[in-house]
Amino acid sequence: MTYRELAVPGAWEITPTQHGDARGTFLEYFHGASFAQATGHDFGLAQANCSVSASGVLRGIHFADVPPGQAKYVTCPKGAVLDVVVDLRVGSPTFGTWDSVLLDDVDRRAIYLAEGLGHAFLSLEDDSTVMYLCSTPYAPGREHGVHPLDADLGITWPTTARDGSPLTLRLSDKDATAPSLADALTSGLLPRADEVAAFVSSLPSTRL
C-alpha cells in the first residue's frame, strides 16, 4: 500500500497491493498503521457510507464545520468515479486549489480527505459504487456545500463516460443551488485554516 500526497495538503491517494489468482483478487484497502504513518494521526471511524450512482451523477462539493469536521476515506469497489478534493480552508496557501483521483474497480485506489477539505465525485458508469469511511457521523446542521461547477474553482470534469459515451451531468437540487466559493467565503461558511490545523494536530496517533 503506497500513499501519495495530493496538490491539496491533507489529502492522499492510496494505492493498494492486489493479490490475484484464478480465484479472484484480495487486497487491503485500509490499514491503520500505514495510515497513521503517512498522515501523522489515527483514523477514528464513526460511520461507513455506501453510495450507488448512475453515469453522470455529480455529488458535492460537500464539507463540514470544523471542529469536528468530517474526514473521509473513499474507495470505489464497483464502476468508476472521478473523485475531487478542494481546499476550502480560509487562509491556506492552497485555498481554492483542487486535485483529483480516478477511483475504479481496476486499480482499486482510495483517497483520504482530512477535515476542512471539500469533497465531490462524478460517476463515470452506471451503478458506480462508492464506499467511504467517515470520522464523524452525519450531522445536517453542520454540513454545507459549494457549487461543483463554480467557474472560479474551474474543476475539469470529464465529458465522456467510461465507455466513451457523452456524459450528461446530474446534480441534486441541493448541490445545484449551492453557493459559489466566493459567496461561501463572504458568508463566513468556510472553515479557517488555523482552526483546522489546531484540530488535526490534536488527533491521537498510535503510529504502530
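Because the structure is a prediction, the values reported are computed rather than measured. (Residues numbered from 1 in each chain as written. Predicted model: local features only at pLDDT ≥ 70, side-chain atom pairs only at ≥ 80, totals over all residues. Heavy atoms only, no water.)

## Quick word on the sheet that holds strand β11 (residues 117-123)
Within the open sheet, the 5 strands sit side by side as β9-β8-β11-β6-β13. Their pairing is antiparallel. Of all the strands in the sheet, just β9 (98-104) and β13 (143-145) have a single pairing partner and so form its edges. Here the average twist between neighbouring strands, direction ignored, is 25°. As paired strands, strand β8 (residues 80-87) and β11 are joined by 7 bridges and run antiparallel to one another. Bridge pairing in β11 places V81 opposite S123. (Pairing = 2+ DSSP bridges. Helix = DSSP H or I, 4+ residues; strand = E, 2+ residues; numbered from the N terminus. Axes fitted to C-alpha atoms, helices over the stretch in contact; angles between N-to-C directions.)

## Quick look at the environment of L153
Relative to the elements of secondary structure, L153 occurs in the loop between β13 and α2 (173-176). Since its relative accessible area comes to 6%, L153 is described here as buried. In the structure, L153 is positioned 25 residues away from A178 in sequence and 14 Å away in space, judged by C-alpha atoms. Apart from the residues lying within four places of it in its own chain, the contact partners of L153 are I61, V86, G96, W98, V146, H147 and L181. (Buried < 20%, exposed > 50% of the residue type's maximum accessible area, 1.4 Å probe, protein only. Contact = heavy atoms within 4.5 Å.)

## Let's talk about the UniProt feature "active site" (unreviewed entry) in the chain
The UniProt entry lists H62 and Y132 under the feature "active site" (unreviewed entry), expressed in the numbering used here. Their sequence span is 71 residues, while the largest C-alpha to C-alpha distance among them is just 13.5 Å; these annotated residues converge on one region. When you line up the elements, H62 lands in strand β6 (residues 58-64). H62 has contacts with K72, L117, G118, H119, H144, G145 and D175, leaving out every residue within four places of it along the chain. Here G60 takes part through its backbone nitrogen, which lies 3.5 Å from a polar atom of the side chain of H62. Within the fold, Y132 resides in strand β12 (residues 128-134). Non-local contacts of Y132, meaning those with residues more than four positions away in its chain, are made with Q47, A48, N49, S51, K72, Y73 and V74. (UniProt positions renumbered as here; feature names shortened; annotations may be inferred. Polar contact = N/O pair within 3.5 Å; in protein donor to acceptor, adjacent residues only side chain to side chain.)

## Topic: the pattern of salt bridges
Under the counting rule described, the total for this entry stands at 9 salt bridges. The partner of E125 in a salt bridge is R162, and the shortest N-O contact between them spans 3.2 Å. Placement of E125 in the loop between β11 and β12 and of R162 in the loop between β13 and α2 is noted, with a sequence separation of 37 residues between them. Take R162: its relative accessible area is 35%, and that puts it in the partly exposed class. Between D194 and R192 there is a salt bridge, with its nearest N and O atoms 2.5 Å apart. You can call D194 partly exposed: its relative accessible area is 43%. (Salt bridge = Lys/Arg side-chain N within 4 Å of Asp/Glu carboxyl O.)

## Focus: the sheet that holds strand β1 (residues 2-5)
Read across the sheet, 6 strands follow the order β1-β2-β10-β7-β12-β5 without closing on themselves; strand pairing throughout is antiparallel. One side of each edge strand has no neighbouring strand; the edge strands of this open sheet are β1 and β5 (47-53). Each neighbouring strand pair of the sheet contributes to a mean axis angle of 20°, computed without reference to strand direction. Sheet topology places β1 next to strand β2 (residues 11-15); 4 bridges connect them, and they run antiparallel. Looking at the pairing, T2 lines up with T15 of β2. In this fold helix α1 (residues 32-39) packs onto β1, β2, β7 (72-78) and β10 (110-113), with an angle of close to 25° to the strand it touches most, β1.

## What to know about α1
Taken together, the buried positions of α1 are occupied by A33, F35, A36 and T39. The buried residues of α1 occupy one face: seen down the axis, they fall within an arc of 160°. Its buried side turned inward, α1 meets β1, β2, β7 and β10. Just downstream of α1, G40 is the residue with a positive phi angle, here 90°. (Arc of directions from axis to C-beta.)

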